[in-house]
Amino acid sequence: VTSPCKILKCNSEFWAATTGSHHLAAEEAPEFCTALRAYAHCTRRTARTCRGDLAYHSAVHGIDDLMVQHNCSKDGPTSQPRLRTLPPGDSQERSDSPEICHYEKSFHKHSAAPNYTHCGLFGDPHLRTFTDTFQTCKVQGAWPLIDNNYLNVQVTNTPVLPGSSATATSKLTIIFKSFQECVDQKVYQAEMDELPAAFVDGSKNGGDKHGANSLKITEKVSGQHIEIQAKYIGTTIVVRQVGRYLTFAVRMPEEVVNAVEDRDSQGLYLCLRGCPLNQQIDFQAIRSAQATEGRARRKGPSLPAPPEAFTYETATAKCREKLPVEDLYFQSCVFDLLTTGDVNFMLAAYYAFEDVKMLHSNKDKLHLYERTRVLTPGNTAPTGTHPTLWVALLCLCWLCLL
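Residues numbered from 1 in each chain as written. Predicted model: local features only at pLDDT ≥ 70, side-chain atom pairs only at ≥ 80, totals over all residues. Heavy atoms only, no water.

1. Topic: the state of the cysteines
Then, in step 1: Summed over the entire model, instances satisfying the criterion amount to 7 disulfides.
Then, in step 2: The disulfide that involves Cys101 links it to Cys182, with 2.0 Å between the sulfurs. Its torsion about the S-S bond being -100°, the disulfide of Cys101 and Cys182 is classed as left-handed. Separated by 81 residues along the polypeptide, Cys101 in the loop between α3 (54-69) and α4 (103-106) and Cys182 in the loop between β6 (167-176) and β7 (186-191) bring together distant segments of the chain.
Then, in step 3: Judged by its relative accessible area of 0%, Cys182 is buried.
Then, in step 4: Across the disulfide from Cys137 sits Cys275; the S-S distance is 2.0 Å. Looking along the S-S bond of the Cys137-Cys275 disulfide, the torsion reads about 95°, which is the right-handed sense. Of this pair, Cys137 sits in strand β3 (residues 134-137) while Cys275 is found in the loop between α6 (270-273) and β12 (280-281), placing the two residues 138 residues apart along the sequence. (Disulfide = S-S within 2.5 Å. Helix = DSSP H or I, 4+ residues; strand = E, 2+ residues; numbered from the N terminus. Buried < 20%, exposed > 50% of the residue type's maximum accessible area, 1.4 Å probe, protein only.)

2. Brief notes about α3
Then, in step 1: An ideal rise of 1.5 Å per residue puts 22 Å on 16 residues; α3 measures up with 23 Å between its terminal C-alpha atoms.
Then, in step 2: A distance of 2.9 Å separates the backbone nitrogen of Ala55 from a side-chain oxygen at the start of α3, and that oxygen is part of Asp53.
Then, in step 3: Of the residues one or two after α3, Asn71 is the one with positive phi, at around 55°. (Expected span 1.5 Å × (residues − 1). Polar contact = N/O pair within 3.5 Å; in protein donor to acceptor, adjacent residues only side chain to side chain.)

3. Notes on the confidence of the model for the protein
Then, in step 1: Counting all residues, the mean pLDDT for the protein is 78, and 74% of those residues have values of 70 or more.
Then, in step 2: Taken together, the stretch residues 20-27 has pLDDT below 50 and engages in 9 contacts with residues farther than four places along the chain or on a different chain.
Then, in step 3: Here residues 294-307 scores under 50 on pLDDT; set against residues more than four positions off or in separate chains, the count is 36 contacts. (pLDDT = per-residue confidence, 0-100. Contact = heavy atoms within 4.5 Å.)

4. Remarks on the nonpolar core
Then, in step 1: Among the nonpolar cores identified, the biggest contains 47 residues, and Phe130, Ile146, Ile174, Phe176, Tyr232 and Phe248 are the most heavily contacted of them.
Then, in step 2: Apart from residues no more than four positions distant in its own chain, Ile146 is found in contact with Phe130, Leu151, Asn152, Val153, Phe248, Val250, Met252, Tyr269 and Cys271.
Then, in step 3: Counting residues in each nonpolar core, the second largest holds 22 residues, with Cys33, Ala55, Ile175 and Val200 among its members. (Core = buried A, V, L, I, M, F, W, Y, C linked by side-chain atoms within 4.5 Å.)

5. Re the pattern of salt bridges
Then, in step 1: Applying the stated criterion across every chain, the model contains 8 salt bridges.
Then, in step 2: A salt bridge links Lys171 to Asp53; the shortest N-O distance between them is 2.1 Å. Of this pair, Lys171 sits in strand β6 while Asp53 sits in the loop between α2 (29-45) and α3, placing them 118 residues apart in sequence. With respect to class, Lys171 is no different from Asp53; both count as buried.
Then, in step 3: The salt bridge involving Asp132 is made with Arg128; its shortest N-O contact spans 3.0 Å.
Then, in step 4: Residue class for Arg128 comes out buried when judged on its relative accessible area of 1%. (Salt bridge = Lys/Arg side-chain N within 4 Å of Asp/Glu carboxyl O.)

6. Thoughts on the packing of helix α8 (residues 312-322) against helix α9 (residues 328-340)
Then, in step 1: Packing of α8 against α9 leaves a shortest axis separation of 9 Å and a crossing angle of 135°. Comparing their axes, α9 and α8 come out oblique. For the element pair α8 and α9, the recorded crossing hand is right-handed. Taking contact as the criterion, the partners of Tyr312, Ala315, Thr316, Lys318, Cys319 and Arg320 in α8 are, on α9, Phe330, Cys333, Val334, Leu337 and Leu338. (Axes fitted to C-alpha atoms, helices over the stretch in contact; angles between N-to-C directions. Parallel < 35°, antiparallel > 145°, perpendicular 65-115°, else oblique. Left-handed = near helix turned anticlockwise from the far one by under 90°.)

7. What about the pairing of β6?
A regular strand carries its side chains on alternate faces of the sheet.
Then, in step 1: Of all the 10 residues making up β6, 10 are buried; the element is thus mostly covered by neighbouring parts of the structure.
Then, in step 2: Bridge count for strand β5 (residues 151-159) against β6 is 9 bridges, and the pairing is antiparallel. Each residue of the ladder has a partner; that of Pro159, found in β6, is Thr167.
Then, in step 3: With 6 bridges joining them, β6 and β7 adopt antiparallel strand pairing. Looking at the pairing, Leu172 lines up with Ala190 of β7. (Pairing = 2+ DSSP bridges.)

What follows is the structure, given as structure tokens:
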């Protein structure tokens, strides 16, 4: 499944035509206006299919602002101007940043180091929240993953198989909001088979502001792995394409996680509150059925039988190759192989755990072993607890009674 929204194509064409154009002399301004009109025309052509796309709406507003700034007429030629190259001294070359654009230096100069949290989304999809809750969800369509004063992340999940409730992430949109003298608003968007190493405007940092390099994109593996460092909010984001689908992982200070003007709206984004109850799947119960029946069965009307490429035994053996510890990442791997028959879901679980090892601040909490089924008010499940800890607690209670 591919998105009919072609806003990424419009963005890249505009950037290719105008790279470095903010350095144009006054007599070259009509050339920039021509590119803007072509950009606007491109967005209008894809407007119907992009109605719910955050990057599309950001581009439309950006075009209007640029039209006003450069005194461009909406009527006129729309042919593409010649390709330009970045001139020496462009903002993307800057290495200096004001102190306000370094989170640990500015926000915590006279206090303890910040407490960092982690959220990840991968596979069918499996969600690890900022509170170390682990859930498996349906969440088909577009859902907010993060939404605070500094950052907005939205994912779109599509069915892995026609008619199935098994979904995976096919599109990811990240909006970094403008922040003081550090960064301009920047939008990053990835889709299946398209993992750019730049923001939608073609830049790789925070724009023209003095602290632009406090926001940077680095390509780790071409078309497969990018990392975004947002030093001004102490945040690291990792996006991967594994097989046909995307994975997401973030390391973020608690102060930034909880920075929202409307506390009630916090319940809307998945990384903080988890998936809604009606979107959660108890994959451990299904996994038990898989172990005895040899194939996955999901609750719901008229669902097709999953692929028979893996049996429970072969899926377990395959997952053990990359995930030797039988924690929830291992169990998710087995579940996904049985549900989809796609070995790339094993790699998605493996890389998700690798990202946890890199991003999670508490190395004692890397492995999660049991998804707690009793949900607390606010739709947040308590952190999974290792079975041996329950045994220890029961023994302690028994000694107290004696």
